[in-house]
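Residue-level structural notes
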Number of protein chains: 2
Amino acid sequence: MTAEIIDGKAFAETVKARVGRQVEALKKNHDFTPGLAVVLVGEDPASQVYVRNKNKSTVAAGMKSEEIRLADTVSEEEVLAVVHRLNDDPTIHGILVQLPLPKQVDEMAVLDAINPEKDVDGFHVINTGRQAVGLPAMVPCTPLGCIMMLKDRLGDLSGLNAVVVGRSNIVGKPMASLLLAENCTVTIAHSRTKDLPAVVRGADIVVAAVGRPEMVRGDWIKPGATVIDVGINRIEGENGKTRLVGDVAFDEAKAVAGAITPVPGGVGPMTIACLLANTVTAACRQAGLEEPQV
Amino acid sequence: MTAEIIDGKAFAETVKARVGRQVEALKKNHDFTPGLAVVLVGEDPASQVYVRNKNKSTVAAGMKSEEIRLADTVSEEEVLAVVHRLNDDPTIHGILVQLPLPKQVDEMAVLDAINPEKDVDGFHVINTGRQAVGLPAMVPCTPLGCIMMLKDRLGDLSGLNAVVVGRSNIVGKPMASLLLAENCTVTIAHSRTKDLPAVVRGADIVVAAVGRPEMVRGDWIKPGATVIDVGINRIEGENGKTRLVGDVAFDEAKAVAGAITPVPGGVGPMTIACLLANTVTAACRQAGLEEPQV
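Residues numbered from 1 in each chain as written. Chains lettered and ligands numbered in written order. Predicted model: local features only at pLDDT ≥ 70, side-chain atom pairs only at ≥ 80, totals over all residues. Heavy atoms only, no water.

A separate point is the environment of A:Ser65. All names here are of chain A. Mapped onto the elements of the fold, Ser65 is located in strand β3 (residues 64-70). Measuring from C-alpha to C-alpha, the distance between Ser65 and Asn115 comes to 18 Å, with 50 residues separating the pair along the chain. Those residues in contact with Ser65 that lie beyond four places of it in its chain are Leu36, Asn55, Thr58 and Val59. One polar contact links Ser65 to Asn55, side chain to side chain, over a distance of 2.6 Å. (Helix = DSSP H or I, 4+ residues; strand = E, 2+ residues; numbered from the N terminus. Contact = heavy atoms within 4.5 Å. Polar contact = N/O pair within 3.5 Å; in protein donor to acceptor, adjacent residues only side chain to side chain.)

A separate point is the side chain of B:Thr281. Residues and elements named next belong to chain B. Considering the arrangement of structural elements, one finds Thr281 in helix α10 (residues 267-287). Relative accessible area serves as the criterion here: at 6%, Thr281 is assigned to the buried category. Excluding anything up to four places from it in sequence, Thr281 contacts Glu291 and Val294. (Buried < 20%, exposed > 50% of the residue type's maximum accessible area, 1.4 Å probe, protein only.)

We now examine the relation of the copies chain B and chain A. Mapping chain B onto chain A calls for a rotation angle of 180° and an axial translation of 0.0 Å; the resulting RMSD is 0.0 Å. Here the symmetry operator amounts to a two-fold rotation axis. By residue overlap, the copies meet face to face through one surface: 100% of the interface positions of chain B are interface positions in chain A. (Least-squares fit on C-alpha atoms with pLDDT ≥ 70 in both.)

With that settled, the discussion passes to the sheet that holds strand β5 (residues 161-165) of chain B. Pairing in this open sheet of 12 strands is mixed, and the strands run β1(A)-β11(A)-β8(A)-β7(A)-β5(A)-β6(A)-β6(B)-β5(B)-β7(B)-β8(B)-β11(B)-β1(B) from one edge to the other. Strands with a single pairing partner mark the edges of an open sheet, and in this sheet they are β1 (4-5) of chain A together with β1 (4-5) of chain B. With 4 bridges joining them, strand β7 (residues 205-208) of chain A and strand β8 (residues 226-229) of chain A adopt parallel strand pairing. Along β8(A), the bridge assignment pairs A:Ala208 with A:Asp229. Its contacts with the sheet put helix α7 (residues 172-181) of chain A on β5 (161-165), β6 (185-189) and β7 of chain A together with β6 (185-189) of chain B, and the angle it makes with β5(A) is roughly 170°. Along the sheet, helix α6 (residues 141-154) of chain B contacts β1, β7 (205-208), β8 (226-229) and β11 (259-260) of chain B; its crossing angle with β8(B), the most-contacted strand, is approximately 160°. (Pairing = 2+ DSSP bridges. Axes fitted to C-alpha atoms, helices over the stretch in contact; angles between N-to-C directions.)

Residues and elements named next belong to chain A. The UniProt record annotates "binding site: NADP(+)" (unreviewed entry) at Gly166, Arg167, Ser168 and Ile232. Other than its neighbours up to four places away in sequence, Gly166 contacts Gly172, Ile188, Ala189, His190, Ala209 and Val210. Looking at where Ile232 falls in the secondary structure, it is placed in the loop between β8 and β9 (233-236). When sequence neighbours within four positions are dropped, the list of residues in contact with Ile232 reads Leu244, Val245 and Val263. (UniProt positions renumbered as here; feature names shortened; annotations may be inferred.)

Here the focus is the pairing of strand β4 (residues 94-97) of chain A. All names here are of chain A. Burial along β4 is two-sided: Gly94 and Leu96 facing one way and Ile95 and Val97 facing the other are all buried. Relative to β4, strand β2 (residues 35-41) runs parallel, the two being bridged by 4 bridges. Bridge pairing in β4 places Ala37 opposite Ile95.

Once that is clear, we can look at helix α3 (residues 76-88) of chain B. For α3(B), spanning 13 residues, the distance from its first C-alpha to its last is 18 Å, which sits close to the expected 18 Å at 1.5 Å a residue. Buried-residue contacts for α3(B) involve β2 (35-41), β3 (64-70), β4 (94-97) and α4 (107-113) of chain B. (Expected span 1.5 Å × (residues − 1).)

Here we take up the interface of chain B and chain A. Each partner contributes to the interface: chain B provides 27 residues, whereas chain A provides 27 residues. For the interface between chain B and chain A, the tally reads 0 salt bridges. Our count for the chain B to chain A interface comes out at 17 residue pairs in polar contact (both at pLDDT 80 or more). Where the side of chain B that touches chain A is concerned, the elements lending two or more residues are α5 (125-133), α7 (172-181) and β6 of chain B. In terms of residue count, the dominant contributor to the side of chain B that touches chain A is α5(B) (7 residues). (Salt bridge = Lys/Arg side-chain N within 4 Å of Asp/Glu carboxyl O.)

With that out of the way, let us pick up α7(A). Residues and elements named next belong to chain A. Most of α7 is tucked away, with 8 of its 10 residues classed as buried. If you check which residues of α7 are buried, you get Gly172, Pro174, Met175, Ala176, Ser177, Leu178, Leu179 and Leu180. Looking at the residues trailing α7, positive phi occurs at Asn183, about 70°.

The next point concerns the environment of B:Ala12. Residues and elements named next belong to chain B. Inspection of the secondary structure assignment puts Ala12 in helix α1 (residues 8-30). Expressed as a C-alpha distance, the spacing of Ala12 and Cys274, which sit 262 residues apart in the sequence, is 8.2 Å. If near-sequence neighbours (up to four positions away) are discounted, Ala12 is found in contact with Pro269, Met270 and Ala273.

Here the bond from A:Leu99 into A:Pro100 is cis, since omega is 0°, no more than 30 degrees from zero. For the bond running from B:Val263 to B:Pro264, omega is 0°, close enough to zero to count as cis. Inspection of the secondary structure puts B:Pro264 in the loop between β11 and α10. Backbone geometry places B:Asp31, a non-glycine residue, at a positive phi of 50°. For B:Asp31, the location among the structural elements is in the loop between α1 and β2. Exposure remark for B:Asp31: the relative accessible area of 72% places this residue in the exposed category.

All names here are of chain A. Here Met63 is to be found in the loop between α2 (45-60) and β3. Counting along the chain gives 54 residues from Met63 to Glu117, while the straight-line C-alpha distance between them is 17 Å. Discounting residues that sit within four places of it in the chain, Met63 has contacts with Val19, Val23, Thr33, Pro34, Thr58, Leu276, Thr279 and Val280.

Below, the discussion takes up the pattern of salt bridges. Should their charged atoms come close, side chains of opposite charge can pair. Residues and elements named next belong to chain B. This structure, assessed with the given rule, holds 16 salt bridges over all chains. Between Arg153 and Glu4 there is a salt bridge whose closest N-O contact spans 2.4 Å. With a gap of 149 residues between them, Arg153 in helix α6 and Glu4 in strand β1 connect regions that are remote in the sequence. By relative accessible area, Glu4 is classed as partly exposed at 42%.

Attention now moves to the nonpolar core. Of all hydrophobic cores here, the largest spans 113 residues; its most connected members are A:Val19, A:Leu179, B:Val19 and B:Leu179. With 12 residues, the single largest contributor to this core is α10(B). Those residues in contact with B:Leu179, other than ones at most four positions away along the chain, are B:Ile147, B:Leu150, B:Leu157, B:Ala162, B:Val164, B:Cys184, B:Val186 and B:Val207. (Core = buried A, V, L, I, M, F, W, Y, C linked by side-chain atoms within 4.5 Å.)

A few words on the domain arrangement of chain A. Bring the parts together and some accessible area is lost; that lost area is often taken as the interface size. Domain parsing of chain A yields domain 1 (30-117) and domain 2 (141-269). With centres defined by C-alpha atoms, the gap from domain 1 of chain A to domain 2 of chain A works out at 29 Å. (Domains from an automatic or database assignment.)

Attention shifts here to the sheet that holds β2(A). Residue and element names in this part refer to chain A. Judged by pairing direction, the sheet is parallel, and its 3 strands sit side by side in the order β3-β2-β4 without closing on themselves. The outermost strands of the open sheet, each flanked by one partner alone, are β3 and β4. Geometrically, the sheet is characterised by an average inter-axis angle of 15° between neighbouring strands, direction not taken into account. When β2 meets β3, the two strands line up parallel, connected through 7 bridges. For Ala37, the partnering residue across the bridge sits in β3 and is Glu66.

In structure tokens form, the structure reads like this:
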């Protein structure tokens, strides 16, 4: 048996296209354009690439995109002033502050200052809390992308055993919360878990989000399981070149799983698509319009 | 093998006594008295008993206790006005609004209005979110009591398999979050879980919080496991009298488990003790004093 490869890139394109149609309808029917602001502090090349891609995708989806660049010598007060201005701007419905921030700026204070309704990254504690208790919330983009791929492939997730490996605030914990909301029986495993292979072997759904290259081996996977690999690890490849691998030993797992996301080209591309979807959701909630399907 | 019976009543008394000593020290060293306000709306007899017991225990621990009684015809605005007054009262460090509230009062709006720092019930979404991401938070009393009993019996919980049966916002979800913070491998099971007996059999720690009398059977329990029974169900007993039972079939489970909480006399008495402990924690945080050990 060879697993179906879940094409995150193609799926992300369908999500982006759907968001584009939703934005078009909002413009046509309500004369309303969702807007996303991205704040970038400093000159980190990777962050610059992310922000440029987010900007391009936002514009391509027909939304307003605002990019605010600040020098890495900026004070916390200046960053907070930008956030407050964006909170008050009625044409901006989503605010994303690209992390990391320079050390003189308290990340927690900045994230906390974002209006939770505009928090399209879903990192504000109010959104964490609202998600946990089942209230409408902004959900972090990466786990949202994972759940969309799972529902696309499996349909109803109810009663399935899901194991989340990793308990970060950005992926593992919100992922577990989303799977629970879909009526999975959810296990959160981590570095302290005893006999992790046995725990993973019980899973119909495995979400690996630990940041350890190829840690999850093929013989840990239950035959037919769906494997979502959130890890993106750069390792030494042949010829002295580096290459990207996930948290799952892909070739081994592919021989056992029912479906698996590759790295790259799996979860990664979904993140920006979900950011756009979150922006439309946030915009519709703020404008009192019906939320489109995510 | 017969399980050790975890005496929640005795343990709650030791917690209350410790809180009493902490309050005494706060008075002596800082001339500072923690205060708890309980708001009771209407004449529900069970709620009146709870509130009376909370009041008595608060006074017994040396704290200030304020009881606000409102008629069940009260408007939401009036309840909110009381909450706002208590938020602004520097002698009150904990606010508890006894649920349920009459139907003309939106419970969510009232809980939301409580200053999260004074939310000794731990139901505010900000506290839910802060607990989830590992920030200092006010934690709901019942799961806090359960974790205290588990740590008292087992010491370090790291690496143990914990299964929480039930996913309520008041018990199941915060319980899972607390067990995860103690480095357990945590599984949340519920009504949609397939083969619940098999899931429970994998657990070193079972927390049952579903509200279904004696649902968890003895042969679901791994020999030597620690069983915490949060359920309190009134069922028909012999002679036409009613009696209280938990969510676990006690006599069966007792023969297999390593330790088990009885119903009544297990988790129940811990709840008020934890409310007092939460009030001291909240008071010290608000006053900028060192938090005592919980």
